[in-house]
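Chain residues, written in single-letter form:
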Amino acid sequence: MPNRYYTPGADRARHVEILFNQVAPRYDRLNDLQSLGMHRLWKREVIRQAVAFPGCRVLDVCCGTGDLALGMARLGARVVGLDFSAPMLHVAQRRSQATLPDGSHSDFHQLTWVRGDALRLPFVAGIFDVVTIGYGLRNLGSFEDGLKECRRVTRPGGRLLILDFGKPSNRLLRVGYFSYLRLVVPWFGRLACGDADAYAYILESLHHYPDREGLHRLLNEAGWESVRTRGWLGGVMTLTSATRMAS
Ligand SMILES: C[S@@+](CC[C@H](N)C(=O)[O-])C[C@H]1O[C@@H](n2cnc3c(N)ncnc32)[C@H](O)[C@@H]1O
(Lines give C-alpha, C1' and ligand atoms only; values in the text may rest on other atoms or scores of the structure.)
Protein backbone atom coordinates (compact mmCIF):
# COMPACT_ATOMS: atom_id res chain seq x y z
CA MET A 1 0.00 0.00 0.00
CA PRO A 2 1.46 3.42 -0.92
CA ASN A 3 2.33 5.70 1.95
CA ARG A 4 0.12 8.77 1.79
CA TYR A 5 2.95 11.09 2.89
CA TYR A 6 5.21 9.94 0.08
CA THR A 7 3.94 11.41 -3.17
CA PRO A 8 6.52 11.85 -5.90
CA GLY A 9 6.35 15.00 -7.98
CA ALA A 10 5.00 18.47 -7.38
CA ASP A 11 2.84 17.47 -4.41
CA ARG A 12 5.69 15.96 -2.41
CA ALA A 13 6.49 19.04 -0.32
CA ARG A 14 2.87 19.64 0.67
CA HIS A 15 2.46 16.14 2.12
CA VAL A 16 5.83 16.25 3.90
CA GLU A 17 4.85 19.56 5.47
CA ILE A 18 1.50 18.13 6.65
CA LEU A 19 3.37 15.16 8.14
CA PHE A 20 5.81 17.29 10.16
CA ASN A 21 3.15 19.79 11.21
CA GLN A 22 1.33 16.85 12.71
CA VAL A 23 4.22 15.18 14.56
CA ALA A 24 5.94 18.41 15.74
CA PRO A 25 4.78 18.38 19.41
CA ARG A 26 6.08 14.84 19.97
CA TYR A 27 8.94 14.78 17.46
CA ASP A 28 11.78 15.13 19.98
CA ARG A 29 10.48 12.50 22.35
CA LEU A 30 9.95 10.02 19.52
CA ASN A 31 13.46 10.62 18.16
CA ASP A 32 14.83 9.55 21.51
CA LEU A 33 12.56 6.52 21.59
CA GLN A 34 13.11 5.20 18.10
CA SER A 35 16.89 5.70 18.11
CA LEU A 36 17.29 4.76 21.80
CA GLY A 37 18.82 8.19 22.28
CA MET A 38 21.57 7.58 19.73
CA HIS A 39 20.50 10.47 17.47
CA ARG A 40 22.04 12.76 20.10
CA LEU A 41 25.48 11.17 19.59
CA TRP A 42 25.18 11.38 15.80
CA LYS A 43 24.14 15.03 15.98
CA ARG A 44 26.98 15.75 18.37
CA GLU A 45 29.36 14.48 15.70
CA VAL A 46 27.76 16.77 13.08
CA ILE A 47 28.29 19.71 15.44
CA ARG A 48 31.89 18.65 16.08
CA GLN A 49 32.62 18.35 12.36
CA ALA A 50 30.94 21.68 11.64
CA VAL A 51 33.69 23.35 13.69
CA ALA A 52 31.19 26.08 14.49
CA PHE A 53 33.61 28.55 16.08
CA PRO A 54 32.38 31.92 17.38
CA GLY A 55 31.42 34.17 14.52
CA CYS A 56 31.27 31.33 11.97
CA ARG A 57 28.13 31.58 9.81
CA VAL A 58 26.10 28.39 9.69
CA LEU A 59 22.86 27.46 7.96
CA ASP A 60 20.95 24.45 9.29
CA VAL A 61 18.55 23.45 6.50
CA CYS A 62 15.43 21.47 7.50
CA CYS A 63 16.27 22.40 11.10
CA GLY A 64 13.04 20.98 12.54
CA THR A 65 12.96 21.45 16.30
CA GLY A 66 16.51 22.80 16.24
CA ASP A 67 18.87 20.19 17.74
CA LEU A 68 21.75 21.00 15.36
CA ALA A 69 21.12 24.75 15.20
CA LEU A 70 20.96 25.06 18.99
CA GLY A 71 24.09 22.95 19.43
CA MET A 72 26.09 25.11 17.02
CA ALA A 73 24.73 28.39 18.41
CA ARG A 74 25.84 27.25 21.86
CA LEU A 75 29.41 27.20 20.53
CA GLY A 76 29.05 30.83 19.49
CA ALA A 77 28.38 30.38 15.78
CA ARG A 78 25.94 32.72 14.00
CA VAL A 79 23.28 30.22 13.06
CA VAL A 80 20.21 30.35 10.86
CA GLY A 81 17.78 27.44 11.23
CA LEU A 82 15.47 27.07 8.24
CA ASP A 83 12.39 24.89 7.92
CA PHE A 84 9.04 25.11 6.15
CA SER A 85 6.99 23.63 8.99
CA ALA A 86 5.70 26.37 11.29
CA PRO A 87 4.90 23.94 14.15
CA MET A 88 8.43 22.45 14.03
CA LEU A 89 9.90 25.98 14.08
CA HIS A 90 7.59 26.88 16.93
CA VAL A 91 9.09 24.08 19.05
CA ALA A 92 12.61 25.20 18.03
CA GLN A 93 11.85 28.76 19.03
CA ARG A 94 10.38 27.68 22.36
CA ARG A 95 13.47 25.57 23.06
CA SER A 96 15.80 28.50 22.38
CA GLN A 97 13.69 30.79 24.54
CA ALA A 98 13.47 28.25 27.34
CA THR A 99 17.18 28.71 27.85
CA LEU A 100 16.73 32.49 27.75
CA PRO A 101 14.31 33.27 30.53
CA ASP A 102 14.60 37.05 30.49
CA GLY A 103 15.64 37.50 26.89
CA SER A 104 18.30 40.02 27.91
CA HIS A 105 21.36 37.83 27.87
CA SER A 106 21.80 34.82 25.71
CA ASP A 107 24.17 32.23 24.36
CA PHE A 108 21.91 32.29 21.36
CA HIS A 109 21.87 35.95 20.46
CA GLN A 110 23.05 35.02 16.98
CA LEU A 111 20.44 32.35 16.32
CA THR A 112 17.65 33.07 13.83
CA TRP A 113 14.75 30.87 12.79
CA VAL A 114 13.50 31.30 9.24
CA ARG A 115 10.45 29.75 7.66
CA GLY A 116 11.38 28.86 4.11
CA ASP A 117 11.83 26.23 1.43
CA ALA A 118 15.10 24.28 1.16
CA LEU A 119 14.66 24.27 -2.61
CA ARG A 120 14.51 28.07 -2.76
CA LEU A 121 16.75 29.30 0.03
CA PRO A 122 16.02 32.96 0.81
CA PHE A 123 19.70 33.95 1.03
CA VAL A 124 22.20 35.57 -1.28
CA ALA A 125 25.00 33.44 -2.70
CA GLY A 126 28.10 32.45 -0.77
CA ILE A 127 27.25 33.76 2.70
CA PHE A 128 27.58 30.63 4.88
CA ASP A 129 30.77 28.94 6.04
CA VAL A 130 28.97 25.69 6.82
CA VAL A 131 25.60 24.25 5.81
CA THR A 132 24.17 21.31 7.76
CA ILE A 133 21.14 19.19 6.96
CA GLY A 134 19.99 16.50 9.40
CA TYR A 135 17.38 14.01 8.20
CA GLY A 136 16.27 16.61 5.68
CA LEU A 137 17.68 15.89 2.24
CA ARG A 138 15.70 12.61 2.02
CA ASN A 139 12.49 14.64 2.33
CA LEU A 140 13.09 17.05 -0.53
CA GLY A 141 11.19 16.89 -3.81
CA SER A 142 14.52 17.10 -5.66
CA PHE A 143 17.79 16.01 -4.04
CA GLU A 144 19.71 17.56 -6.95
CA ASP A 145 18.10 20.99 -6.52
CA GLY A 146 18.52 20.84 -2.74
CA LEU A 147 22.25 20.12 -3.05
CA LYS A 148 22.66 22.90 -5.62
CA GLU A 149 20.84 25.39 -3.39
CA CYS A 150 23.06 24.43 -0.43
CA ARG A 151 26.11 24.96 -2.63
CA ARG A 152 24.87 28.32 -3.91
CA VAL A 153 24.65 29.79 -0.40
CA THR A 154 27.98 28.30 0.78
CA ARG A 155 31.15 30.37 0.39
CA PRO A 156 34.03 28.94 -1.64
CA GLY A 157 35.95 26.68 0.73
CA GLY A 158 32.83 26.19 2.86
CA ARG A 159 31.39 22.80 3.76
CA LEU A 160 28.19 20.78 3.73
CA LEU A 161 27.32 18.10 6.31
CA ILE A 162 24.48 15.67 5.65
CA LEU A 163 23.22 13.37 8.39
CA ASP A 164 20.70 10.71 7.40
CA PHE A 165 19.69 7.07 7.43
CA GLY A 166 21.92 4.92 5.26
CA LYS A 167 21.56 1.66 3.36
CA PRO A 168 23.95 -0.90 4.86
CA SER A 169 25.72 -3.05 2.28
CA ASN A 170 25.53 -6.10 4.57
CA ARG A 171 22.38 -7.88 3.45
CA LEU A 172 21.49 -9.41 6.82
CA LEU A 173 21.89 -6.11 8.61
CA ARG A 174 19.82 -4.32 5.97
CA VAL A 175 16.99 -6.85 6.26
CA GLY A 176 16.98 -6.52 10.08
CA TYR A 177 17.07 -2.75 10.00
CA PHE A 178 14.44 -2.37 7.27
CA SER A 179 12.23 -4.77 9.26
CA TYR A 180 12.63 -2.53 12.30
CA LEU A 181 11.61 0.49 10.18
CA ARG A 182 8.67 -1.41 8.69
CA LEU A 183 7.31 -3.23 11.73
CA VAL A 184 8.32 -1.28 14.83
CA VAL A 185 8.78 2.36 13.85
CA PRO A 186 5.20 2.85 12.51
CA TRP A 187 4.02 2.26 16.08
CA PHE A 188 5.76 5.48 17.01
CA GLY A 189 3.56 7.21 14.45
CA ARG A 190 0.53 5.69 16.13
CA LEU A 191 1.79 7.01 19.46
CA ALA A 192 2.66 10.47 18.12
CA CYS A 193 -0.49 11.25 16.21
CA GLY A 194 -2.57 8.09 15.91
CA ASP A 195 -1.16 7.60 12.42
CA ALA A 196 1.22 4.73 11.60
CA ASP A 197 1.85 6.14 8.10
CA ALA A 198 3.60 9.17 9.61
CA TYR A 199 6.55 7.02 10.68
CA ALA A 200 6.21 4.27 8.05
CA TYR A 201 7.14 7.21 5.79
CA ILE A 202 10.79 6.90 6.92
CA LEU A 203 11.25 3.55 5.18
CA GLU A 204 9.26 4.64 2.12
CA SER A 205 11.38 7.78 1.70
CA LEU A 206 14.55 5.77 2.29
CA HIS A 207 13.65 3.47 -0.61
CA HIS A 208 13.76 6.52 -2.87
CA TYR A 209 16.96 7.94 -1.34
CA PRO A 210 20.36 7.13 -2.86
CA ASP A 211 22.90 4.84 -1.19
CA ARG A 212 26.36 6.12 -0.28
CA GLU A 213 27.76 5.91 -3.83
CA GLY A 214 24.61 7.43 -5.29
CA LEU A 215 24.76 10.35 -2.88
CA HIS A 216 28.44 10.94 -3.67
CA ARG A 217 27.57 11.02 -7.36
CA LEU A 218 24.74 13.52 -6.78
CA LEU A 219 27.04 15.72 -4.68
CA ASN A 220 29.73 15.72 -7.37
CA GLU A 221 27.16 16.53 -10.04
CA ALA A 222 25.92 19.44 -7.92
CA GLY A 223 29.49 20.80 -7.82
CA TRP A 224 30.58 19.57 -4.36
CA GLU A 225 34.05 18.11 -3.93
CA SER A 226 36.09 16.17 -1.35
CA VAL A 227 33.04 14.05 -0.56
CA ARG A 228 33.39 11.62 2.35
CA THR A 229 31.00 9.49 4.38
CA ARG A 230 31.38 8.01 7.82
CA GLY A 231 28.86 5.47 9.01
CA TRP A 232 27.62 4.10 12.30
CA LEU A 233 26.07 0.70 13.06
CA GLY A 234 27.37 -0.80 9.84
CA GLY A 235 25.99 2.02 7.69
CA VAL A 236 22.54 2.32 9.28
CA MET A 237 23.37 5.96 9.96
CA THR A 238 25.64 8.11 7.82
CA LEU A 239 27.31 11.49 7.96
CA THR A 240 28.48 12.79 4.60
CA SER A 241 30.70 15.83 4.25
CA ALA A 242 31.59 17.80 1.15
CA THR A 243 33.45 21.00 0.30
CA ARG A 244 32.61 23.76 -2.10
CA MET A 245 35.87 24.53 -3.87
CA ALA A 246 36.46 28.01 -5.25
CA SER A 247 34.13 28.54 -8.18
C1 LIG B 1 13.09 14.57 10.00
S2 LIG B 1 12.94 16.28 10.29
C3 LIG B 1 14.61 16.69 10.77
C4 LIG B 1 14.66 17.79 11.79
C5 LIG B 1 16.04 18.08 12.37
N6 LIG B 1 16.98 18.46 11.35
C7 LIG B 1 16.58 16.90 13.15
O8 LIG B 1 17.64 16.40 12.76
O9 LIG B 1 15.96 16.48 14.12
C10 LIG B 1 12.85 16.91 8.65
C11 LIG B 1 12.52 18.38 8.61
O12 LIG B 1 12.66 18.84 7.26
C13 LIG B 1 11.67 19.81 7.01
N14 LIG B 1 11.52 19.93 5.55
C15 LIG B 1 11.21 18.96 4.67
N16 LIG B 1 11.19 19.44 3.42
C17 LIG B 1 11.51 20.76 3.51
C18 LIG B 1 11.67 21.79 2.56
N19 LIG B 1 11.47 21.58 1.25
N20 LIG B 1 12.00 23.01 2.99
C21 LIG B 1 12.19 23.25 4.32
N22 LIG B 1 12.04 22.31 5.28
C23 LIG B 1 11.72 21.07 4.87
C24 LIG B 1 10.45 19.28 7.74
O25 LIG B 1 9.50 20.27 7.99
C26 LIG B 1 11.08 18.71 9.01
O27 LIG B 1 11.09 19.65 10.05
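Residues numbered from 1 in each chain as written. Predicted model: local features only at pLDDT ≥ 70, side-chain atom pairs only at ≥ 80, totals over all residues. Heavy atoms only, no water.

Caption draft 1: The overall build of the protein chain, seen in detail. Across its full length, the protein chain carries 9 helices and 7 strands. Relative to the globule expectation of 18 Å for 247 residues, the C-alpha radius of gyration of the protein chain, 17 Å, shows essentially globular dimensions. When its C-alpha atoms are laid out on the principal axes, the protein chain stretches across 45 × 45 × 35 Å. Counting across all 247 residues of the protein chain, residues that qualify as buried make up 53%. As presented, the protein chain carries roughly 11700 Å² of accessible surface, and 55% of it is formed by carbon and sulfur atoms. The centroid of the 32 positive side-chain charges in the protein chain is displaced by 3 Å from the centroid of its 23 negative side-chain charges. (Helix = DSSP H or I, 4+ residues; strand = E, 2+ residues; numbered from the N terminus. Rg over C-alpha atoms; globule rule 2.2 N^0.38 Å. Buried < 20%, exposed > 50% of the residue type's maximum accessible area, 1.4 Å probe, protein only. Areas by Shrake-Rupley, 256 points an atom, 1.4 Å probe, with all protein chains shown as cover. Lys, Arg positive; Asp, Glu negative; His and termini not counted. Charge placed at Lys NZ, Arg CZ, Asp CG, Glu CD.)

Caption draft 2: View of the nonpolar core. Ranked by internal contacts, the top residues of the largest apolar core, which has 77 residues, are Leu59, Leu147 and Tyr199. Not counting residues within four places of it along the chain, the set of residues in contact with Leu59 comprises Val80, Leu82, Leu121, Phe123, Phe128, Val130, Val131, Thr132 and Val153. (Core = buried A, V, L, I, M, F, W, Y, C linked by side-chain atoms within 4.5 Å. Contact = heavy atoms within 4.5 Å.)

Caption draft 3: Representation of the packing of helix α3 (residues 38-50) against helix α4 (residues 67-74). Between α3 and α4, whose axes approach to 10 Å, the crossing angle comes to 45 degrees. Between α3 and α4, the interaxial angle falls into the category oblique. By crossing handedness, the relation of α3 to α4 is classed as right-handed. On the side of α3, the interface is formed by His39, Lys43, Val46, Ile47 and Ala50, while α4 contributes Asp67, Leu68, Gly71 and Met72. Among the residues forming the contact of α3 with α4, the class breakdown is 5 nonpolar, 2 polar and 2 charged. (Axes fitted to C-alpha atoms, helices over the stretch in contact; angles between N-to-C directions. Parallel < 35°, antiparallel > 145°, perpendicular 65-115°, else oblique. Left-handed = near helix turned anticlockwise from the far one by under 90°. Nonpolar A, V, L, I, M, F, W, Y, C, P; charged D, E, K, R; others polar.)

Caption draft 4: Up close: helix α8 (residues 197-207). For α8, the complete set of buried residues consists of Ala198, Tyr199, Tyr201, Ile202, Leu203, Ser205 and Leu206. Residues of α8 that are buried sit in contact with α1 (12-23), α2 (27-35), β5 (154-165) and α7 (171-193).

Caption draft 5: Representation of the environment of Val80 within the structure. Looking at the element boundaries, Val80 is found in strand β2 (residues 78-83). The sequence separation of Val80 and Tyr6 amounts to 74 residues, and the corresponding C-alpha distance is 28 Å. Those residues in contact with Val80, other than ones at most four positions away along the chain, are Val58, Leu59, Asp60, Thr112, Val114, Phe123 and Phe128.

Caption draft 6: Inspection of the packing of α1 against α8 at higher detail. Where α1 contacts α8, the axes come no closer than 10 Å and their chain directions differ by 140 degrees. Taken together, the axis directions place α1 and α8 in an arrangement best described as oblique. The way α1 lies across α8 gives a crossing that is left-handed. Residues Arg12, Val16, Leu19 and Val23 of α1 form the contact with α8, whose own contacting residues are Ala198, Tyr199, Tyr201 and Ser205. Along the lines of polarity and charge, the residues of the contact of α1 with α8 split into 6 nonpolar, 1 polar and 1 charged.

Caption draft 7: Here's a closer look at the sheet that holds strand β7 (residues 237-243). The sheet built from 7 strands is open, its strands ordered β3-β2-β1-β4-β5-β7-β6 with mixed pairing. For this open sheet the edge positions go to β3 (111-115) and β6 (225-232), each flanked by a neighbour on one side alone. When strand polarity is set aside, the average angle formed by the axes of neighbouring strands in this sheet is 15 degrees. With 6 bridges connecting them, β6 and β7 associate as antiparallel partners. (Pairing = 2+ DSSP bridges.)

Caption draft 8: Looking closely at unusual backbone geometry. Unusually for a residue other than glycine, Tyr135 sits at a positive phi of about 55 degrees. On the accessibility criterion, Tyr135 (12% relative accessible area) is buried. Positioned with a positive phi, Ser226 is a non-glycine residue whose angle comes to about 45 degrees. With respect to the helices, strands and loops of the structure, Ser226 is situated in strand β6. The class of Ser226 is partly exposed, set by a relative accessible area of 33%.

Caption draft 9: Region of the structure containing the pattern of salt bridges. Counted under the stated rule, the structure contains 15 salt bridges. The shortest N-O distance in the salt bridge between Asp67 and Lys43 comes to 2.7 Å. Taken together, the positions of Asp67 in helix α4 and Lys43 in helix α3 put the pair 24 residues apart, joining distant regions of the chain. The partner of Arg120 in a salt bridge is Asp117, with the nearest N and O atoms 3.1 Å apart. Each of Asp28, Lys43, Asp67 and Arg95 takes part in salt bridges that share partners, so that together they form one network. (Salt bridge = Lys/Arg side-chain N within 4 Å of Asp/Glu carboxyl O.)

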